[in-house]
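Residue-level listing of the chains:
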Amino acid sequence: MSFYEQRILPRLINCACGTAPIMKQREKVVPQARGTVLEIGIGTGHNLPFYDPTRVTRLIGLDPSGTSWKLAGGRAAQLAFDVEFIGLPSERIPLDDASVDTVLVTYSLCTIPDAVAALRGMSRVLRPGGKLIFCEHGKAPDTDVCKWQDRINPLWSKLLGGCNLNRDIQGLLAAGGFHIEQMDTMYLPGTPRFTGYNVWGSAVPA
Ligand SMILES: C[S@@+](CC[C@H](N)C(=O)[O-])C[C@H]1O[C@@H](n2cnc3c(N)ncnc32)[C@H](O)[C@@H]1O
C-alpha cells in the first residue's frame, strides 16, 4: 500500500464524508439500526453518534482500513454499547449465518471491489426479520449527469481509493439478493450533481 493510500487517503475520506449534507443523511438512516448491528465499511466512524443506544445492543464494524478506524478514536469511546472492529474486507464477513439483526452500509457500496459478493454475505448473516439499512451515492437518473459521472470516474476512482461515481445501487442490491422495502432518492443540496445523487432506505433478503 502506498504512503498516499495508507496515510493521506483515510484523512481525505474522513473530511469528505463529514460534510453537513452527508451528516444529515446519516441522521435519517442510522437511528433505524437495532439489536446486534454489523456496519460494513465503518471507516472513521462518522455514523457512531447517530446510533440509538436504547435500540442497539452491540456493534461490529468491518473495514479493511485499520488506519481509518484509528481516526474514529473518540467517537467510539463515548458509546453506551459494545463496539468491536474487524479489519477485513466485506467480501469475507467472518460471522455466523443468521447472527445479526441489522446490517448498515453507508457510502461504501461505491468502493467495495466485489459489492455483489459482499451483499450476498450481508444477506447470509442477517437473522430472519433482519434488515439492511443503506445510504449511498451512485449512478444518477439524468443522462447528462451520468455522462459526467462516466467521464470523471476513472480519475476519481484512482484518487479516492476505488470509489466509483456511477454504480447502480438498486441493481447491486438486487444482484446481491436483496428486495428493497423502502427507498428515497435525491441530489444532496450544496453538492456537485455528479457525486450528490443519493439513494437510501431499507432492504431484506429476497
Ligand atoms: C467513502 S468511505 C465511507 C466510510 C463510512 N462508511 C462512512 O459512511 O463514512 C468507504 C469505506 O469503504 C471501505 N472499504 C473499502 N474496501 C472495502 C471492502 N472490501 N469491504 C468493506 N469496506 C471497504 C474503505 O476502507 C472506507 O472506509
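Overview of the structure.

Another point: the pairing of strand 2 (residues 56-62). Burial of strand 2 is extensive: 5 of the 7 residues sit out of reach of the surface. Here 6 bridges tie strand 1 (residues 35-40) to strand 2, and the two strands are oriented parallel to one another. Bridging across to strand 2, leucine 38 finds its partner in isoleucine 60. Pairing geometry for strand 2 and strand 3 (residues 82-86), over 5 bridges, is parallel. Bridge pairing links leucine 62 to isoleucine 86 in strand 3. Following the chain from strand 2 across helix 3 (residues 66-77) to the adjacent parallel strand 3, one finds a crossover that is right-handed.

Turning to the sheet that holds strand 5 (residues 126-137), a few remarks are in order. One open sheet holds the 7 strands; their spatial order is 3-2-1-4-5-7-6, and the pairing between them is mixed. Looking at which strands have only one partner, the edges of the open sheet turn out to be strand 3 and strand 6 (178-187). In this sheet, neighbouring strand axes are inclined to one another by 15° on average, regardless of whether the strands run parallel or antiparallel. Bridge analysis of strand 4 (residues 100-106) against strand 5 gives 6 bridges, and the strand direction is parallel. If you follow valine 105 over to strand 5, its bridge partner there is phenylalanine 134. Seen against the sheet, helix 4 (residues 115-125) touches strand 1, strand 4, strand 5, strand 6 and strand 7 (197-205) and runs at an angle of roughly 145° to strand 5.

What follows is about the pairing of strand 1. Buried residues dominate strand 1, accounting for 5 of its 6 residues. For strand 1 and strand 4, the ladder comprises 4 bridges, and the chain directions are parallel. Across the sheet, valine 37 pairs through a bridge with threonine 102, a residue of strand 4.

Take leucine 126: it is sitting in strand 5. Classification of leucine 126 by C-beta neighbours within 10 Å gives buried; the count is 23. Sequence spacing of leucine 126 and threonine 102 is 24 residues, and the spatial spacing of their C-alpha atoms is 6.8 Å.

Time to look at helix 3. With 12 residues, helix 3 ought to run about 16 Å at 1.5 Å a step, and its terminal C-alpha atoms sit 16 Å apart, in line with that. Every buried residue of helix 3 is listed here: Ser68, Trp69 and Ala72. All buried residues of helix 3 fall inside an arc of 80° around its axis, so they share one side. Along helix 3, the residues that are exposed and aim more than 90 degrees away from the buried face are Lys70, Gly73, Gly74 and Ala77. Of the surrounding secondary structure, the elements contacted by the buried residues of helix 3 are helix 1 (3-16), strand 2 and strand 3.

On to the site of the ligand. By nearness alone, 22 residues border the ligand, and Gly41, Gly43, Ser65, Pro89 and Ser90 come closest of all. In terms of residue class, the shell around the ligand is built from 10 nonpolar, 10 polar and 2 charged.

What counts, and where the lines are drawn
- Residues numbered from 1 in each chain as written.
- Predicted model: local features only at pLDDT ≥ 70, side-chain atom pairs only at ≥ 80, totals over all residues.
- Buried ≥ 20, exposed ≤ 12 C-beta atoms within 10 Å, placed from the backbone.
- Helix = DSSP H or I, 4+ residues; strand = E, 2+ residues; numbered from the N terminus.
- Pairing = 2+ DSSP bridges.
- Right-handed = clockwise from strand over helix to strand, strands pointing away.
- Axes fitted to C-alpha atoms, helices over the stretch in contact; angles between N-to-C directions.
- Contact = placed C-beta atoms within 7 Å.
- Expected span 1.5 Å × (residues − 1).
- Arc of directions from axis to C-beta.
- Near = placed C-beta within 6 Å.
- Nonpolar A, V, L, I, M, F, W, Y, C, P; charged D, E, K, R; others polar.

Spatial relationships are all this shows, so hold off on functional conclusions.
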